[in-house]
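# Structural features, examined
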Amino acid sequence: MLDSNCLYVTDENGNEQKMTILFTFDSQDLGTQYVVFQREGAVDGEVFASRYDEEGTLMPIESDEEWEMVEEVINTFAEDEENAG
């Protein structure tokens, strides 16, 4: 479920975890929407990404092609953040 700046995911143990949304983006080529997020308060820099639909339902990224595209967007975002700071 997505809200303004956070989302909640259920881990493999059934525990709900609050995540902070870093950014969202659309892929015109694939016609899909993506969200990039990390655990709230995380200091390790680990980020996660998922596809989502109009209702905010998260879906896994399954293909290598999608992962490569998402990683490229994440790297560009990280570079922009470094240059801004």
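First, a word on scope: everything that follows refers to the structure included in this document.

Definitions and cut-offs
Residues numbered from 1 in each chain as written. Predicted model: local features only at pLDDT ≥ 70, side-chain atom pairs only at ≥ 80, totals over all residues. Heavy atoms only, no water. Helix = DSSP H or I, 4+ residues; strand = E, 2+ residues; numbered from the N terminus. Expected span 1.5 Å × (residues − 1). Buried < 20%, exposed > 50% of the residue type's maximum accessible area, 1.4 Å probe, protein only. Arc of directions from axis to C-beta. Contact = heavy atoms within 4.5 Å. Phe/Tyr/Trp six-rings, centres within 6.5 Å; stacked < 30°, edge-to-face > 60°. Pairing = 2+ DSSP bridges.

## Quick word on helix α1 (residues 64-84)
Spacing of three or four residues puts side chains on the same side of an α-helix, whose turn is 3.6 residues. The first and last C-alpha atoms of α1 sit 30 Å apart over 21 residues, in line with the 30 Å expected at 1.5 Å per residue. For α1, every residue scored as buried is listed here: Glu 66, Val 70 and Ile 74. Axial view of α1: buried residues confined to an arc of 60 degrees, hence all on one face. Summarising the geometry of α1, the exposed residues directed more than 90 degrees from the buried face are Asp 64, Glu 65, Glu 68, Glu 72, Glu 82 and Asn 83. Contacts made by the buried residues of α1 are with β2 (16-27), β3 (32-39) and β4 (48-52).

## Some remarks on the packing of aromatic side chains
Scanning the entire structure with this criterion turns up four aromatic pairs. Here the aromatic rings of Phe 23 and Phe 25 are separated by 6.0 Å at their centres, their planes lie at 35 degrees, and the arrangement is tilted. In terms of burial, Phe 23 and Phe 25 fall into one category: buried. Judged by centre distance (5.1 Å) and plane angle (20 degrees), the rings of Phe 25 and Tyr 34 are stacked. Classification of Tyr 34 as buried rests on a relative accessible area of 0%. A network of ring pairs unites the aromatic residues Phe 23, Phe 25, Tyr 34 and Phe 77 as a single cluster.

## Observations regarding the pairing of β2
Bridging between strand β1 (residues 6-10) and β2 involves five bridges; their strand directions are antiparallel. What sits directly across from Val 9, in β2, is Gln 17. Counting the residues in the hairpin turn of β1 and β2 gives five residues, including Gly 14, whose phi is positive at 85 degrees. In the sheet, β2 pairs with β3 via eight bridges, with the strands oriented antiparallel. When the sheet's bridge partners are listed, Ile 21 is paired in β3 with Phe 37. Linking two consecutive strands that pair antiparallel, namely β2 and β3, is a turn of four residues; a positive phi of about 65 degrees is found at Gly 31 within it.

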